[in-house]
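Remarks on the overall topology
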Amino acid sequence: MSATGVRAAVTGLGVVAPNGLGTETYWTATRKGISGIGRITRFVPDQYPAQLAGEIDGFDAAEHLPGRLLPQTDRMTQLALVAADWAFQDAAVRPEDLPGFEMGVITASSSGGFEFGQRELQALWSKGSRYVSAYQSFAWFYAVNSGQISIRNGMRGPSGVVVSDQAGGLDAIAQARRQLRKGTRLVMAGAVDASICPWGWVAQMASNRLSVGRDPERAYLPFDDAAAGHVPGEGGALLVMEDLEQARARGARIYGEVAGYGATLDPRPGSGRPPGLRKAVELALADAGASPGDIDVVFADAAALPDLDRIETEAITAVFGARAVPVTAPKTMTGRLYSGAAPLDLAAAFLAMRDEVIPPSVGVTPSPGHDLDLVVDRERPAPVRSALVLARGHGGFNSAAVVRAV
């Protein structure tokens, strides 16, 4: 089969999210509009203006991973390893049964293992260098999730990491599709981020994009007149991706395919040139061989800042028309998970196709200034055969992906 003939099927989902550990738990909560956003509990946030986050409750790494891994991994990596295990189980794949060089791992990361790094820096400052863990040399690193997943599962094929903030989650999926087209049999792709610790919190606040609202139900409000920043969260999703024909041949359950992808960079501020999000959408549609009328739902980036929301609205309406396609932002129930956000939206898109329902955006009162058909308050029954997922990263990254049923 030629490279262009390879279609990238998704056969397994592994989800770790603030409103649900595990794919079905997350999806049930999301369909019901149950939020995982609340006041931070992982540290005392009293001294910070922003005090809300989407935290994952009830996760005990010791219940899922061997003890030897715990002292050498950050919470982010522990969540990613478990998500990978669940994705393999969902795909009915035993990695030990496949040749190692035919499996790859491509993840995205926004911050790396910040919590681990903070702990070791505290040991350095308070006790001295002899008390700093040797695992600090890699536990903080952006590529650590790819490395630990590949080691745990014997995956020796093409692997890597991409770093483009929230856009990175889609960029990793696109890179996985490229590797499938080059002949790799299976790729684990997506992202899990976690940076809810004082050091990570200060870094996130430096963006000036965090909401300082105290009401969890009205703090993260994309496309709302009260939009004033996002609520951060932890988690994400990992996807098992395979060549469609090979997946069919082994009798795999197939969620759908990654059919199109586009990425752009915004011009420098003050250049007078337009933002690049619309172009990313057009590239993704063209790559999928799709027209705007083929898309049944758009999963929005949902920055919840007036200027960025306006740019996203303008991109969507320029391509699809005013209120011409349903738009949703289920991340209003989890917070923005940085590189983990878009893979989680992809998982939600595939589940929306399966169950013929569009999940809601919660807490949002749509502004009349946004000509969007925003799905709010409750899920909307609808046949979903194709979806567009949007993601933007700090610094001007724009990515878009088209997924569809097969």
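As the structure is a computational prediction, the values presented were derived from the model and not from experiment.

All right, on to unusual backbone geometry then. Despite not being glycine, Asp-165 has its phi angle at roughly 55 degrees, a positive value. Relative to the helices and strands, Asp-165 is located in the loop between β6 (160–162) and α6 (168–181).

Moving on: the environment of Gly-229. Structurally, Gly-229 is set in the loop between α7 (198–205) and β8 (235–243). Along the primary structure Gly-229 and Gly-54 are separated by 175 residues, whereas in three dimensions their C-alpha atoms are 14 Å apart. Each residue touching Gly-229, except ones within four places of it in the same chain, is listed here: Arg-209, Leu-210, Ser-211, Ala-219, Tyr-220, Ala-303, Ala-304 and Leu-305.

What follows covers a nonpolar patch on the surface. Judged by side-chain polarity, Tyr-135, Phe-138, Trp-140 and Phe-141 come together as a nonpolar surface patch covering roughly 350 Å² of accessible area. By the element assignment, Tyr-135 lies in the loop between α3 (114–126) and α4 (136–139). In this structure Tyr-135 comes out as partly exposed when scored by relative accessible area, which is 31%.

Let us look at the pattern of salt bridges. Inspection of every chain in the model, using the stated rule, returns 26 salt bridges. Arg-253 serves as the salt-bridge partner of Asp-90, at 2.6 Å between the closest nitrogen and oxygen. Linking Asp-90 in helix α2 (residues 75–91) with Arg-253 in the loop between α8 (244–249) and β9 (256–265), this pair joins segments that are 163 residues apart in sequence. The exposure class of Asp-90 is partly exposed, given its relative accessible area of 24%. Judged by relative accessible area, which is 40%, Arg-253 ranks as partly exposed. Salt-bridge contacts for Arg-310 lead to Glu-314; the nearest nitrogen and oxygen are separated by 3.4 Å. Of this pair, Arg-310 and Glu-314 both sit in helix α10 (residues 306–320), four residues apart, which is roughly one turn of the helix. Judged by its relative accessible area of 43%, Glu-314 falls in the partly exposed class. Here the salt bridges do not stand alone but share partners, grouping Glu-24, Arg-31, Arg-354, Asp-355 and Glu-379 into one network.

Our next topic: α6. Relative to the 20 Å expected for 14 residues at 1.5 Å per residue, α6 spans 20 Å between its end C-alpha atoms, a close match to the ideal helical length. The buried count for α6 comes to eleven of 14 residues, which makes it a mostly enclosed element. Listed as buried for α6 are Gly-168, Gly-169, Leu-170, Asp-171, Ala-172, Ile-173, Ala-174, Ala-176, Arg-177, Gln-179 and Leu-180. Looking one or two residues past α6, Gly-183 carries a phi angle of roughly 115 degrees, positive in sign.

Cut-off values and rules
- Residues numbered from 1 in each chain as written.
- Predicted model: local features only at pLDDT ≥ 70, side-chain atom pairs only at ≥ 80, totals over all residues.
- Heavy atoms only, no water.
- Helix = DSSP H or I, 4+ residues; strand = E, 2+ residues; numbered from the N terminus.
- Contact = heavy atoms within 4.5 Å.
- Patch = residues over 30% accessible without salt bridge, like charges linked within 9 Å, V, L, I, M, F, W, Y side chains within 5 Å.
- Areas by Shrake-Rupley, 256 points an atom, 1.4 Å probe, with all protein chains shown as cover.
- Salt bridge = Lys/Arg side-chain N within 4 Å of Asp/Glu carboxyl O.
- Buried < 20%, exposed > 50% of the residue type's maximum accessible area, 1.4 Å probe, protein only.
- Expected span 1.5 Å × (residues − 1).

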